[in-house]
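What the coordinates show
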Amino acid sequence: MRPETRIDRCFAALKREGRPAFVTFVTAGDPDYETSKAILLGLPEAGADVIEIGMPFSDPMADGPAVQASSLRALKAGQTMKRTLQLVREFREKDNLTPIILMGYYNPIYVYPNDAFLDEARDSGVDGMIVVDVPPEADEELCLPAIERGLSFIRLATPTTDDARLPAVLANTSGFVYYVSITGITGAAAPVVSDVRAQVARIKRSTPLPVVVGFGVRTPEQARTLADCADGVVVGSALVETIRTTLGPDGRAGPDTISAVHRIVQNLAAGLRSATARV
Amino acid sequence: MPSPTKSEPQAPNSFRAGPDDHGFFGLYGGRFVAETLMPLILELEKAYEAAKNDPAFQAELRDLLEHYGGRPSPLYYAERLTEHLKGAKIYFKRDELNHTGSHKINNCLGQIQLARRMGKTRIIAETGAGQHGVAVATVCARFGLPCEIYMGATDVARQSPNVARMHMLGAKVNSVTAGAGTLKDSMNEALRDWVTNVRDTYYIIGTAAGPHPYPAMVRDFQAVIGNEVRKQMLEREGRLPDTLVAAIGGGSNAIGLFHPFLDDKSVKIFGVEAAGHGIDVPNGHNASMNGGRPGVLHGNRTYLIQDEDGQILEGHSISAGLDYPGVGPEHSWLKDTGRVSYVPITDTEALAAFQLCAKLEGIIPALEPSHALAYVMKLAPTLPKDDLLVMNMCGRGDKDVFAVAGYLGMKI
């Protein structure tokens, strides 16, 4: 039996409270290291239950313009994989409860290389990982070594993941399942609620893990509606877009950058908590 | 599944057996794509395997290659260049004479047939120099399918004749401003389109790279080049060539020429990479095998130009078609096994070769094969006169005349 993780404890507590998880995504080091740290440290109080931290990559193929720009801002400000792990360590000094998931692409991990990255991620206080371009077919490379170290490997299930493929996607998934609500990139079209409801129900028939829904969720109303058919909702593009709109003319953090992100998280959290029924 | 960091140390029994069932050439290749695309990639693999073994598919493709594409392309003895370089006997494989002006049509005719078999109703593609974009727009016009081409903004500017051709053929050209606006960025955008429109859209990748089965499939469609050379050289000279030279961006024309000869030990093989401003200039070249290291991008593991943190660099080449920080995975494997030598050629060397070829042979080459030619200029004088050297003239230079005139300060 796997030891209980921060992710497991978090979802168990939410279940007891009867409310959906609010999962927030921001990119590490966007728009700079110190501002990013202040944003992260304030997320739990603003209403985030789980924090996804994007590992910036030069070529984020699955991301829309908002997350692409966020990734490039962070890289321009000097963010690296080492500094991303440092950010997690500094967060953990202040908060030892909120689950942290690193999300990104394989190449910066691969060249780290894999074993050293997984060791340092675990030691920094990372709870799980989402690596967009490592499918279950390559589990031996990264997913299984992550699980051996007690890290959860969270898999994306998508509208194209049919019944024949679903068992492979779920096989080594732990923590929760992330349902990508649209065929597309992050921050694109709004999901169709009836489709999401049917798909989440289908996934839940095959796994006891919580299922959260993301990609294209922007408003408190959307979050509330989607929360009615899943165990949680992920919001990312709307947050990094808020960072962008608060930057000064020099592209650096403005006076409102941190508070504006926390405000939108509060609004989304309030919307989410008014969700009526749990599945 | 191979170890993720170790390549096979010993030489294999055959260099022509790859990829394995998981799409790997040793350490390289694979299927590193988002889950949304995985079911389609697996479906594509099945569809391609079925088509490959279907005599009707192959017969239709042969007919198209001959009567629409203009194959076989000639194997031409470059007599004046041979005299000038005073060494190996130099032949050009004239793939620049194909319909649309490059080897790209070989692959596009194959993939459009596959897309139709799979019932796909919309085609997308990336392009660097625009040669692949033109070939895709051409086959889409021929078969009546709507088509969108992603092309970096830098490339749109430096290859404007090809942009006009794509428009005239009815394609929509999307100019990509992300990054340096070159081939890497256009491939990112094409992948974003594909993941969004995965159900009805077929992505015609233009080079022997990307997730499995693309590297093997594109190679198979381009192997017509090497198979013809083999037959033509046997007819002309009564024996196999001794030396093969081809330019490498993603590496589709090169693998097409090389693959049929990989198990002929007497044949020396050279792939020519774009060294841009020079192999020692940081971020100033796109010689991924000479100046990069293994990583994962665009669906495959391969040599990449990248920084210490694993961020992909833009690199540089005068040739839009070689201006890509990666390379097809089979080339990475052929490099590690030592079967093929990969050598760098700079912008300046390629420009000199471009001019020499125009004046000595009356052939204006594209900037991509100008790199191969520049290496031939170094190599041929070191070889005996009876060494039969074949260089793939994979594209014509019409698209490059304005850009080259600019570099040379010519008033036109």
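Definitions and limits used
Counting from 1, residues in each chain are numbered in the order their sequence is written. Note on labels: chains are lettered from A, ligands numbered from 1, in written order. In keeping with the predicted nature of the model, local features appear solely for residues at pLDDT of at least 70, side-chain atom pairs appear and are counted solely at 80 or more, and the whole-chain, interface and lining totals rest on all residues. Only heavy atoms go into the side-chain values, all of them from the structure, while hydrogens and water stay out. Under the scheme used here, helices are H or I runs from DSSP no shorter than 4 residues and strands are E runs no shorter than 2 residues, and both carry numbers assigned from the N terminus. All radius of gyration figures rest on C-alpha atoms, and the globule criterion is 2.2 Å times the number of residues raised to 0.38. Type-normalised accessible area, obtained with a 1.4 Å probe on protein chains alone, sets the label of each residue: buried when under 20%, exposed when over 50%, and partly exposed for intermediate values. Any two residues whose heavy atoms approach within 4.5 Å at even a single point are treated as in contact. Accessible surface area values rest on a Shrake-Rupley calculation with a 1.4 Å probe, where residue burial reflects the displayed protein chains alone. Whenever Lys or Arg places a side-chain nitrogen within 4 Å of a carboxyl oxygen from Asp or Glu, that contact is recorded as a salt bridge. pLDDT is a residue-level measure of predictor confidence that goes from 0 to 100. Think of a nonpolar core as a cluster: buried Ala, Val, Leu, Ile, Met, Phe, Trp, Tyr and Cys residues, connected wherever their side-chain atoms sit within 4.5 Å. What makes two strands pair is DSSP finding at least two bridges between them. Axis angles are defined between N-to-C directions and span 0 to 180 degrees, where every axis is a line fitted to C-alpha atoms and, for a helix, only to the segment in contact. Patch rule: a residue counts if its relative accessible area is over 30% and it has no salt bridge; like charges are joined within 9 Å, and nonpolar side chains (Val, Leu, Ile, Met, Phe, Trp, Tyr) within 5 Å. Buried area: the accessible surface (1.4 Å probe) lost by two parts on joining, summed over both. Any pair of nitrogen or oxygen atoms within 3.5 Å is treated as a polar contact; in protein, a donor-acceptor pairing is required on top of that, and neighbouring residues in sequence qualify only through side-chain atoms on both sides. The residue classification treats Ala, Val, Leu, Ile, Met, Phe, Trp, Tyr, Cys and Pro as nonpolar and Asp, Glu, Lys and Arg as charged. All others, Gly included, are polar. Note on ring pairs: Phe, Tyr and Trp rings are taken, using the six-membered ring of Trp, and paired if centres are within 6.5 Å. Classes follow the plane angle, with under 30 degrees stacked, over 60 edge-to-face and the rest tilted. We call a pair of cysteine sulfur atoms a disulfide whenever their separation is within 2.5 Å. Each residue after the first adds 1.5 Å to the expected span of a helix. Handedness is read with the strands pointing away from the viewer; a crossover is right-handed when the path from the first strand over the helix to the second is clockwise.

Here's the deal with the overall build of chain B
- Across its full length, chain B carries 16 helices and 14 strands.
- Rg of the C-alpha trace for chain B: 20 Å, near the compact-globule value of 22 Å for 412 residues, within the 12% margin.
- Counting only C-alpha atoms, chain B reaches 55 × 55 × 50 Å along its principal axes.
- A buried classification covers 65% of the 412 residues belonging to chain B.
- At a minimum sequence separation of 6, the contacts of chain B that also span at least 24 residues come to 73%.
- A total of about 13,800 Å² of accessible surface is found on chain B, and carbon and sulfur atoms cover 53% of it.

What about the pattern of salt bridges?
- A full pass over the atoms with the stated rule returns 46 salt bridges over all chains.
- Because the salt bridges share partners, they merge into one network encompassing Asp-115, Asp-119, Arg-122, Asp-123 and Arg-149 of chain A.

Concerning the confidence of the model for chain B
- With 97% of its residues at a pLDDT of at least 70, chain B reaches an overall mean of 95.
- Interface confidence for the predicted complex, expressed as ipTM, amounts to 0.95; the pTM equals 0.96.

Brief notes about the nonpolar core
- In this structure, Tyr-106, Ile-109, Phe-117, Met-129 and Leu-142 of chain A together with Phe-258 of chain B are the most contacted members of the largest nonpolar core, which totals 103 residues.
- Considering each element in turn, this core owes the most residues, six residues, to helix α12 (residues 257–273) of chain A.

Topic: unusual backbone geometry
- With an omega of 10°, the peptide bond between Tyr-112 of chain A and Pro-113 of chain A qualifies as cis.
- Cis rather than trans, the peptide bond between Gly-18 of chain B and Pro-19 of chain B has omega equal to 0°.
- When you line up the elements, Pro-19 of chain B lands in the segment before β1 (24–25).
- Residues other than glycine seldom take positive phi values, yet Phe-215 of chain A does so here, at roughly 80°.
- Secondary-structure assignment places Phe-215 of chain A in the loop between β8 (211–214) and α10 (220–227).
- One non-glycine residue, His-298 of chain B, lies in positive phi territory at about 50°.
- Here His-298 of chain B is to be found in the loop between β11 (293–297) and β12 (299–304).

Topic: the sheet that holds strand β1 (residues 21–27) of chain A
All names here are of chain A.
- Here we have nine strands laid out as an open sheet, ordered β5-β4-β3-β2-β1-β9-β8-β7-β6, and parallel in their pairing. Where the open sheet ends on each side, the last strands, each with one partner, are β5 (152–153) and β6 (156–157).
- Sheet strands in contact with helix α2 (residues 33–46) are β1 and β2 (50–54), and its direction is about 180° off that of β1.
- Sheet strands in contact with α12 are β1 and β9 (232–235), and its direction is about 155° off that of β1.

Comments concerning a nonpolar patch on the surface
- On the surface, a nonpolar cluster with roughly 700 Å² of combined accessible area is contributed by Ile-364, Val-401, Phe-402, Tyr-407, Leu-408, Met-410 and Ile-412 of chain B.
- Its location among the elements puts Met-410 of chain B in the segment after α16 (401–408).

A look at the interface of chain B and chain A
- Counting from both sides, the interface comprises 37 residues of chain B and, opposite them, 35 residues of chain A.
- For the pair chain B and chain A, the two sides together bury roughly 3,000 Å², of which 54% comes from carbon and sulfur.
- Taken together, the links from chain B to chain A amount to three salt bridges.
- One salt bridge in this structure joins Lys-184 of chain B and Asp-59 of chain A, with 2.7 Å as the shortest N-O distance.
- Viewed at the interface, chain A and chain B are joined by 18 residue pairs in polar contact (both at pLDDT 80 or more).
- Secondary structure elements with two or more residues in the side of chain B that touches chain A: β2 (28–32), α1 (38–52), α8 (183–196), β11 and β12 of chain B.
- Examining the composition of the side of chain B that touches chain A, we find that seven residues originate from one element, α8 of chain B, more than from any other.
- Of the residues in the side of chain B that touches chain A, the class split is 18 nonpolar, nine polar and ten charged.

Some details on the packing of aromatic side chains
Residue and element names in this part refer to chain B.
- Inspection of the entire model under this criterion finds 16 aromatic pairs over all chains.
- Ring centres 5.7 Å apart and planes at 45° place the aromatic pair Tyr-77 and Tyr-91 in the tilted group. Remark: Tyr-91 occurs in strand β4 (residues 89–93) and Tyr-77 occurs in strand β3 (residues 75–77); sequence separation between them is 14 residues.
- Measuring from centroid to centroid gives 6.3 Å for Trp-194 and Tyr-214, while their planes differ by 75°, and the two rings are edge-to-face. Of this pair, Trp-194 sits in helix α8 while Tyr-214 sits in helix α9 (residues 214–222), placing them 20 residues apart in sequence.
- A relative accessible area of 2% means that Trp-194 is categorised as buried.

So, the state of the cysteines
- This structure, assessed with the given rule, holds zero disulfides over all chains.
- Counting only cysteine sulfurs, Cys-140 of chain B is the nearest neighbor of Cys-108 of chain B, a cysteine outside any disulfide, at a range of 8.2 Å.

Some points on the environment of His-67 of chain B
- Within the fold, His-67 of chain B resides in helix α2 (residues 55–67).
- Among the residues examined, His-67 of chain B registers a relative accessible area of 60% and is labelled exposed.

A short note on α12 of chain A
- Compared with an ideal rise of 1.5 Å per residue, which puts 17 residues at 24 Å, α12 of chain A spans 25 Å between its outermost C-alpha atoms and is within 8% of the ideal.
- Of the surrounding secondary structure, the elements contacted by the buried residues of α12 of chain A are β1, α2, α10, β9 and α11 (237–245) of chain A.

Section: the pairing of β8 of chain A
Residue and element names in this part refer to chain A.
- Judged by which residues are buried, β8 turns out to be covered on both faces: Val-211 and Val-213 on one side and Val-212 and Gly-214 on the other are all buried.
- Here four bridges tie strand β7 (residues 177–180) to β8, and the two strands are oriented parallel to one another. For Tyr-179, the partnering residue across the bridge sits in β8 and is Val-213.
- For the crossover from β7 across helix α9 (residues 193–204) to β8, the handedness is right-handed.
- Regarding topology, α10 serves as the crossover connection from β8 to the parallel β9, and that connection is right-handed.

Some thoughts on the sheet that holds strand β14 (residues 388–392) of chain B
All names here are of chain B.
- Within the open sheet, the six strands sit side by side as β3-β4-β14-β9-β10-β13. Their pairing is mixed. Two strands in the sheet have a free side with no partner beyond their single neighbour: β3 and β13 (341–346). On average, adjacent strands in this sheet sit at an angle of 30° to one another, irrespective of strand direction.
- Judged from the five bridges that link them, β4 and β14 form a sheet pairing that is parallel. The residue bridging Ile-90 from the neighbouring strand is Leu-389, located in β14.
- Relative to β4, helix α10 (residues 224–237) is tilted by about 140°, and along the sheet it contacts β3, β4 and β14.

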